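As a plain string of letters, each chain reads:
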Amino acid sequence: RLYLGYISAVQVQHYEGAKGAERLVRKELAKGELPKQEVWHYEGERRAERRVRMDLPDGRVEHYEGVPGAEHKVRVEHGQGLVWHL
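From a predicted model like this one, the values you see are computed outputs, not experimental measurements.

In terms of nonpolar packing, the biggest core is built from seven residues, these being L24, L29, W40, Y42, M54, L56 and Y64. Contributions of two or more residues to this core are made by β3 (23-30) and β4 (37-43). With near-sequence residues (within four places) excluded, L56 lies in contact with Q37, E38 and E62.

What follows is the structure in structure tokens.
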């Protein structure tokens, strides 16, 4: 099941899972005027979700690893095939 939680006019959170056991899977954050937004992707168990990817308005995609709350950037994909490994 997919649940949507509206936090404010500029943030939408997406949840999956059975009612009462939902976990955060995606967060959309509007930056300035729409449609410029960041999309954060999460993995993990309920209340232990960790950010694994950020899609940025300029087309960059950042990938993260680490434990919840201490994630660190490990790779950045830029347009036209350029990839940075950190």
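Next up on the list: the pairing of β4. The side chains of a regular strand alternate between both faces of the sheet. By the criterion of burial, β4 is predominantly enclosed, with five of the seven residues buried. Relative to β4, β3 runs antiparallel, the two sharing five bridges. Bridging across to β4, A30 finds its partner in Q37. As defined by bridge partners, β4 adjoins strand β5 (residues 50-55) across five bridges and the pair is classed as antiparallel. Each residue of the ladder has a partner; that of E43, found in β5, is R50. Taken together, β4 and the strand that follows it, β5, pair antiparallel across an intervening segment of six residues, in which G44 is found at a positive phi of about 120°.

Rules behind the numbers
Residues numbered from 1 in each chain as written. Predicted model: local features only at pLDDT ≥ 70, side-chain atom pairs only at ≥ 80, totals over all residues. Heavy atoms only, no water. Core = buried A, V, L, I, M, F, W, Y, C linked by side-chain atoms within 4.5 Å. Buried < 20%, exposed > 50% of the residue type's maximum accessible area, 1.4 Å probe, protein only. Helix = DSSP H or I, 4+ residues; strand = E, 2+ residues; numbered from the N terminus. Contact = heavy atoms within 4.5 Å. Pairing = 2+ DSSP bridges.

These figures capture arrangement, not role.
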